[in-house]
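# Commentary on secondary and tertiary structure
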Amino acid sequence: MTFKEHIKMERRALKELWQHHRTYVICMCLFFVFQAAYPYIPTYFSAEIINNLYEGAPLSTIITNVVLAVGLTFLCHGIVRFVQPRLSVAHGNTFKTEDWLYSKKAMEMEYSSIESPDVALLRSRVRQESHTGFNLWNLLRSVRSYVENITRIICSLALSISFFTSSGVPLFGKLGIVGFLVISIIVDAFCTAKNQEITNKFWDDSSVVNMMSDKYEDLINNYSYAKDTRLYSMESGILSRIKEFDTVENKREFKRSLKCMLVNIPRVLVADILKFCAYMLLIWCSIQGAMSVGDITKYVVCIVGLIGAVSGLVKYIHLSFLNHTYLERYFSYFDIPNNMYQGSLTVEKRMDNEYYVEFRNVSFKYPNTDTYALKNVNVKFKIGEKLAVVGMNGSGKTTFIKLLCRLYDPTEGEILLNGVNIKKYDYDEYMQIFSVVFQDFKLFAFTLGQNVACAPTYDPKKVEECLKNAGFEDRYKSLPDGAETYLYKRFDKSGIEISGGEAQKIALARALYKDSPFIILDEPTSALDPVSEYEIYSSFNTITGDKTAIYISHRLASCRFCDNIVVFDNGSIIQHGSHESLLSNKNGKYHELWTAQAQYYTK
Ligand code: ADP
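Residues numbered from 1 in each chain as written. Predicted model: local features only at pLDDT ≥ 70, side-chain atom pairs only at ≥ 80, totals over all residues. Heavy atoms only, no water.

Attention now goes to the packing of helix α7 (residues 135–165) against helix α11 (residues 293–334). Two elements in contact, α7 and α11, have axes separated by 7 Å at closest approach and are oriented at 155 degrees. Judged by the angle between their axes, α7 and α11 are roughly antiparallel. Crossing handedness for the pair α7 and α11: left-handed. Each residue belonging to the contact of α7 with α11 can be placed in one class, and the counts come to 21 nonpolar, 13 polar and three charged. (Axes fitted to C-alpha atoms, helices over the stretch in contact; angles between N-to-C directions. Helix = DSSP H or I, 4+ residues; strand = E, 2+ residues; numbered from the N terminus. Parallel < 35°, antiparallel > 145°, perpendicular 65-115°, else oblique. Left-handed = near helix turned anticlockwise from the far one by under 90°. Nonpolar A, V, L, I, M, F, W, Y, C, P; charged D, E, K, R; others polar.)

What follows is the structure in structure tokens.
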């Protein structure tokens, strides 16, 4: 990084700090100014009182100094104590705000970025570095140190200025102190750089191990793995893997600490030699009668304080520069672009309901893969149509839906809504026109109503109606708290457990509640028993009403009620038409799949 880039980075980080953590910065500045300044009050007044006594000053002067010493100390102390609880609350809020900003970014990120291994590593590193005190947290410490040390430097200089201007102190002594101070700054900077180099390397090498260790811990903490880990006795295997990671990390941490300790030896030595020389000089001056007893104590405190503050300030300026590598990574996470939000067109609300969607020569490769998941897909469907998407596993059905819902953008070709490329629409508005139930949908440990509405508040009547249409009526009636019943026990001991089939019905009710013009169901009955499956099929047209329904399945019998069926194979649409017309083509894939499955349905 060039010096200019360092300055730019520092400015951006300070701006960020001020924008999101203003209260904390203000409280911190107040707290540390007074905290750093108040030891100088007794230092100054003690010297004054000793000098007063030594010089036989009037009692009133001595008492005035005593009152001022106690009063000002009390005032400073009072301000520090007043700010402290506010600082501690602001500190906690800073943690929460940072976590919130981090999570918000993750939520708003493009789906393809979330899936990318590079982004996953970046996210994990940024989180790890925040939790171990780098990036913005290091900057906060630096700001605190600037405030503290600058205050100490000002106070030390103000109280010791007479030392540097005194003719009683020999010039070599003054120059010696300044010279040693410069040496101490250089040694300090060198040690800080070395320390940071060792620490940076340590964290660089740790990032992958830490990410892996977090993922293994998730296997233990995440409830959804609990059944499999127990049934297949995987606990000890997972725990021993975590222990292996810990052992490696502990050994590396020990080595890092040892190296840092050795690197710090010159810093400690120079600082102690400097203090020793300062003492010697002051004692010598006192013996020569160049300063009073009171002044000696004052100068000792101020010069030692000045040395500590200057070296602290230099250390933190240097650390700030080194921290810029971490800040760069921190900002690179927040700067990950989201191309999904480039469109601005509003989705036209047509009275005639004449919407149509068209895939025009659409091909798609998943990020970081070389093979096409979809190849040259062309299809057009109108609102109100019931479209079934069928094909073997891995033929591209879900990918087709993911592209339609803009979880990804096509690699080639375009998708049009009413003749306009979907990229041109406002993303949030475009997403509003789809209700989707993916195969791997997730329910939350919230109330049933909140799960259906996907919101903290909901319309209980509408929730009930949607659950009824999705075939959940009987179970719903048996729930003591109705829509207020919690799912699972994470937030409520009396929460209910539900079967896979019931979960699927709730997910279906969620899609109905959203009431969008498009309803997309990806294998919506895969976990249902045959009776429930039959019920859903027979009421499918009632459930979807005049909405455009896209229905994905590899069970062909469940697709007969759709107006149109597209058959996917190896990422391409190889057949398109009604059930009867597709079946009549005896050489087609549909006929082949139908015949293969027919034996399960004929009886
Ligand atoms: P289907 O829904 O028909 O079972 P998919 O659309 O899920 O098929 O998958 C089509 C192809 O894309 C498969 O070869 C699958 O392995 C691949 N694929 C699916 N999801 C991803 C992903 N996130 N990253 C890379 N490849 C993927």
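Still more ground to cover, so stick around.
This next bit is on the site of the ligand. Contacts to the ligand come from Glu115, Tyr366, Thr369, Ala373, Met392, Asn393, Gly394, Ser395, Gly396, Lys397, Thr398 and Thr399. Taking Lys397, its side chain carries an N or O atom lying 3.0 Å from an oxygen atom of the ligand. Take Thr398: an N or O atom from its side chain is 2.6 Å from an oxygen atom of the ligand. Here the ligand, which alone exposes 560 Å², has 62% of that area covered by the protein. Considering every element that reaches the shell around the ligand, the biggest residue donor is helix α12 (residues 397–404), with three residues. (Near = heavy atom within 4 Å. Polar contact = N/O pair within 3.5 Å; in protein donor to acceptor, adjacent residues only side chain to side chain. Areas by Shrake-Rupley, 256 points an atom, 1.4 Å probe, with all protein chains shown as cover.)

Leu448, Leu467, Ile506 and Tyr590 are the most contacted members of the largest nonpolar core, which has 43 residues in total. Those elements giving two or more residues to this core turn out to be β3 (386–391), α14 (448–453), α15 (460–469), α17 (500–514), β7 (518–522), β8 (548–553), β9 (564–569) and α21 (589–601). Examining the composition of this core, we find that eight residues originate from one element, α17, more than from any other. (Core = buried A, V, L, I, M, F, W, Y, C linked by side-chain atoms within 4.5 Å. Buried < 20%, exposed > 50% of the residue type's maximum accessible area, 1.4 Å probe, protein only.)

What follows covers the environment of Lys423. You can see Lys423 is positioned in the loop between β5 (420–421) and α13 (427–431). The partly exposed category is assigned to Lys423, whose relative accessible area is 39%. Through-space distance from the C-alpha of Lys423 to that of Phe31 is 51 Å; in sequence the pair is 392 residues apart. Contacts of Lys423, omitting those with residues within four sequence positions, involve Gly343, Arg406 and Asp409. (Contact = heavy atoms within 4.5 Å.)

Moving on, we get to the sheet that holds β5. Strand order in the open sheet made by the four strands is β2-β1-β4-β5, with antiparallel pairing throughout. Among the strands making up the open sheet, the edge pair consists of β2 (374–382) and β5. Of the pairings in the sheet, the one linking strand β1 (residues 356–364) to strand β4 (residues 412–417) comprises five bridges and is antiparallel in character. From the neighbouring strand, Phe359 faces β4, where its bridge partner is Ile415. (Pairing = 2+ DSSP bridges.)

This part covers the pairing of β7. Of all five residues making up β7, five are buried, and the element is well covered by its neighbours. By the alternation rule, side chains of β7 split into Phe518, Ile520 and Asp522 and Ile519 and Leu521, which are all buried. Inspection of the sheet shows strand β6 (residues 434–437) paired to β7 by four bridges, in the parallel sense. Each bridged residue has a counterpart across the sheet, and for Phe434 the counterpart in β7 is Phe518. Note: β7 against β8, five bridges, orientation parallel. Note that in β8 the partner of Leu521 across the bridge is Tyr551.

Let's shift gears to the side chain of Ser320. Among the secondary structure elements, Ser320 is positioned in helix α11. Once you skip the residues sitting within four places of it in the chain, Ser320 turns out to touch Glu10, Ser142 and Tyr146.

Turning our attention to a nonpolar patch on the surface. Side chains of Phe254, Leu258, Met261, Leu262, Ile265, Leu269 and Ile273 sit close together on the surface and give an oily, nonpolar patch of about 690 Å² of accessible area. Locating Leu262 in the fold gives a position in helix α10 (residues 235–287). (Patch = residues over 30% accessible without salt bridge, like charges linked within 9 Å, V, L, I, M, F, W, Y side chains within 5 Å. Salt bridge = Lys/Arg side-chain N within 4 Å of Asp/Glu carboxyl O.)

The next subject is the sheet that holds β9. Two modes of strand pairing occur in sheets, parallel and antiparallel, and in both the strands are linked by backbone hydrogen bonds. The six strands are arranged β6-β7-β8-β3-β9-β10 in an open sheet whose pairing can be described as mixed. A strand with exactly one partner marks an edge of an open sheet, and here the two such strands are β6 and β10 (572–577). Neighbour-to-neighbour, the strand axes of the sheet open up by a mean angle of 15 degrees, direction not taken into account. Pairing analysis gives five bridges linking β3 to β9, with the strands arranged parallel. Its bridge partner lying in β9, Val389 is registered against Val566. Against the sheet, α12 contacts β3, β6, β7, β8 and β9, and its axis sits at roughly 150 degrees relative to β8.

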